[in-house]
Protein chains: 2
Amino acid sequence: MDETHVSQVRSFNRHVTRRIGALGGDYLGRGRPLAESRLLFEIGAGGADVRELRERLALDSGYLSRLLRALEADGLVACVQSADDRRARRAMLTRKGVREHGVLDRRSQAFARSLLGSLLPAQRGRLVAAMAEVERCLRASSVEIDVEDPCNTDAAACFDAYFRELAARFDRGFDPVQAGAGSVTEYAPPHGVLLLARLDGQAVGCAALRASGRGIGEIKRMWVAAHARGLGIAQRMIEALEQHATGLGFHRLRLDTHHALTEARALYVRNGYREIERYNDNPYADHWFEKRVVRRSGARREVART
Amino acid sequence: MDETHVSQVRSFNRHVTRRIGALGGDYLGRGRPLAESRLLFEIGAGGADVRELRERLALDSGYLSRLLRALEADGLVACVQSADDRRARRAMLTRKGVREHGVLDRRSQAFARSLLGSLLPAQRGRLVAAMAEVERCLRASSVEIDVEDPCNTDAAACFDAYFRELAARFDRGFDPVQAGAGSVTEYAPPHGVLLLARLDGQAVGCAALRASGRGIGEIKRMWVAAHARGLGIAQRMIEALEQHATGLGFHRLRLDTHHALTEARALYVRNGYREIERYNDNPYADHWFEKRVVRRSGARREVART
DNA sequence: TCCATTGCCTGACTTTAGTCAGGCATCGCG
DNA sequence: CGCGATGCCTGACTAAAGTCAGGCAATGGA
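Keep in mind that this is a model prediction, so the values were computed, not measured. (Residues numbered from 1 in each chain as written. Chains lettered and ligands numbered in written order. Predicted model: local features only at pLDDT ≥ 70, side-chain atom pairs only at ≥ 80, totals over all residues. Heavy atoms only, no water.)

1. A word on helix α7 (residues 153–169) of chain A
Residue and element names in this part refer to chain A.
Phase 1 of the analysis: The end-to-end C-alpha distance of α7 is 24 Å, a good match for the 24 Å that 17 residues give at a rise of 1.5 Å each.
Phase 2 of the analysis: Contacts from the buried residues of α7 go to β5 (193–199), β6 (202–211) and β7 (216–224).
Phase 3 of the analysis: The backbone nitrogen of aspartate 154 lies 3.1 Å from a side-chain oxygen of the residue at the head of α7, namely asparagine 152. (Helix = DSSP H or I, 4+ residues; strand = E, 2+ residues; numbered from the N terminus. Expected span 1.5 Å × (residues − 1). Contact = heavy atoms within 4.5 Å. Polar contact = N/O pair within 3.5 Å; in protein donor to acceptor, adjacent residues only side chain to side chain.)

Following this line, the structure appears as structure tokens:
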């Protein structure tokens, strides 16, 4: 990894979080502890379930309870029993709370405005574009790709979303049974593998490998949720699949795909998959690809260093 | 100001500071309170004056004293009397402190590495470039340009640096007296104005206006420190001068410059200054410019909104 | 030499942020 | 219905972070 890259990230961390964090902490200051303000902000106009708040802010249950009590004492928040589970509670802003929330919101806006205000118009555009890029990249860097059990609920949800998307994109719809989808246990060791990509804990993509003849693996169910595309997740998953392939005893990987899935085809071509003759009777497939895989020592070094 | 810009800045603030700040706080954790670790980091290998630390970290004098005492008790820091002022003290790292500082430094590096590690190589380059851009823009946005007394020491330092730079860049050197430099009080109200640009409190640029005939102002001493160039400071100063011009009763601004100062000439041309005939006998000048100035209502609205 | 100022230290506080162990009500399954 | 799990609350703590008023020693200009 490039050392100048590392030091640039460190410099960014030091300077930007100091400048933005300092001001950010300041604008929230309303004579109220920071945690309370954040909580008020997080509850928002529509209210929020207590358990949701606890997760979003990563707070201890007792501590959160106390914070809510404090806001309640100030008349900013009212807690009501949840309709469907009378143990659960929901925090709502009172009229006064909504007003206070508005003040915080306006402060946050004023801060952003003051930041941009002292820039020339051309610089503003550049700053905003660069900020969006940093945000996108950090999002990408927080995606985790791991082997998971193909029978778990998140895997099932991904498969489901994948099938629904195929049905929407293919002219004639899509039926998994006709496509020859076997049991998902095909994607479990020792003869297969399933990868899930997670962003903030939520599953946003999947990719699987199953046996398909002596020494041959087949890539199946390569999918990334629409809102998580453009983050390089598919690329990372395909690289990860190839890493696993040799361990599973595959020296060749193949796959089928459909002409409507142009991004997928581009992905395979970019990664050195060559188009081959039809090798199965999947009625939805009209393109078939193959690639010889070998354990790459360079890639292993990179992994070891991170 | 564009509202989508404002909301992008807010989104950046929320997401990036949370992600980077959270991890940043974490890696510093060494069983030691965060403030102590930050202090250790800030003292650095070369040591630092206590007053300097107080300013950089914006800490209460008493609190800082206590933190230093704590680090001293752990054998990480030693405080010595300053040589030139026996009231002042200087904090130095002990051998053990240097070791600990190294650990923190390595952690910070490891964090940056882990951030980059889960990105594809192409993304890394993009992230780093965008980070550098954000940093630069934020630096630019923290530059403050204000009217100051032309007799104060920072102004004098700027003039001095300006003259030294001219001397270095002109073939025949530069002598302010020959150039017709009068008293700096010419740049004070009611007939003139001096602007200083400050970055983190330090003066990094100047620009002045003085009377030069009925209704005519002259731009003088337009200078930006080498390390603060490329931040749009000169552009902002020239805009600010033009704002002040009408208030001082000038409807025309003129200036002279030297062919070696190519950036300056480009700046004037870009801002609508037209080249005119020689209007003075400054032996160092070989280009003369002029611009008619009017109070721009659009610009005023922009200022009012920030 | 005097005296206001500066620089740092100390003691005595307060507030914020968080942790932990229980406790009570409710839920959902068998 | 009983029982373990879940969801929230409370009391009792602790550590960290920060504030404030004074105090002593050194400084520097009148």
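Having seen the structure, we can now continue with the description.
2. Overview of the packing of aromatic side chains
Residue and element names in this part refer to chain B.
Phase 1 of the analysis: This structure, assessed with the given rule, holds 17 aromatic pairs over all chains.
Phase 2 of the analysis: Ring centres of tyrosine 268 and tyrosine 273 lie 5.8 Å apart, and the angle between their planes is 65 degrees; on these two criteria the pair is classed as edge-to-face. Considered together, tyrosine 268 and tyrosine 273 belong to a single accessibility category, that of buried residues.
Phase 3 of the analysis: When the ring centre of phenylalanine 159 is taken as reference, the NZ or CZ atom of arginine 221 above it lies at 4.5 Å.
Phase 4 of the analysis: The positively charged end of arginine 254 is found above the aromatic ring belonging to tyrosine 279, 4.3 Å away from the centroid. (Phe/Tyr/Trp six-rings, centres within 6.5 Å; stacked < 30°, edge-to-face > 60°. Buried < 20%, exposed > 50% of the residue type's maximum accessible area, 1.4 Å probe, protein only. Lys NZ or Arg CZ within 6 Å of the ring centre and 35° of its normal.)

3. Quick look at the confidence of the model for chain A
Phase 1 of the analysis: The predicted model of chain A averages 88 in pLDDT, with 93% of residues at 70 or higher.
Phase 2 of the analysis: With pLDDT under 50 throughout, residues 298–306 of chain A is counted as low confidence; its partners more than four residues away or in other chains account for 8 contacts. (pLDDT = per-residue confidence, 0-100.)

4. Some points on the sheet that holds strand β3 (residues 89–93) of chain A
All names here are of chain A.
Phase 1 of the analysis: Here we have 3 strands laid out as an open sheet, ordered β1-β3-β2, and antiparallel in their pairing. At either margin of the open sheet sits one strand with a lone partner, and together these are β1 (48–49) and β2 (77–81).
Phase 2 of the analysis: Two strands pair when backbone bridges link them, and β1 and β3 are joined in this way by 2 bridges, in the antiparallel orientation. Bridge pairing links alanine 48 to alanine 91 in β3. (Pairing = 2+ DSSP bridges.)

5. A few points about the interface of chain B and chain A
Phase 1 of the analysis: On the side of chain A, 62 residues touch chain B, which itself brings 60 residues to the contact.
Phase 2 of the analysis: Summing both sides of the interface, chain B and chain A together bury roughly 5800 Å²; the carbon and sulfur share of this comes to 63%.
Phase 3 of the analysis: Seen at the junction of chain B and chain A, the total is 6 salt bridges.
Phase 4 of the analysis: Across the pair B:Arg126 and A:Glu133 runs a salt bridge, and its minimum N-O distance is 2.8 Å.
Phase 5 of the analysis: Summed over the shared surface of chain B and chain A, the number is 24 residue pairs in polar contact (both at pLDDT 80 or more).
Phase 6 of the analysis: Listed by contribution, the elements that provide at least two residues to the side of chain B that touches chain A are α1 (3–28), α2 (34–43), α5 (95–117), α6 (121–141), α8 (233–247) and α10 (297–305) of chain B.
Phase 7 of the analysis: Among the elements that make up the side of chain B that touches chain A, the one with the highest residue count is α6(B) (18 residues).
Phase 8 of the analysis: For the side of chain B that touches chain A, a count of residues per class yields 24 nonpolar, 18 polar and 18 charged. (Buried area = accessible area lost by both parts, 1.4 Å probe. Salt bridge = Lys/Arg side-chain N within 4 Å of Asp/Glu carboxyl O. Nonpolar A, V, L, I, M, F, W, Y, C, P; charged D, E, K, R; others polar.)

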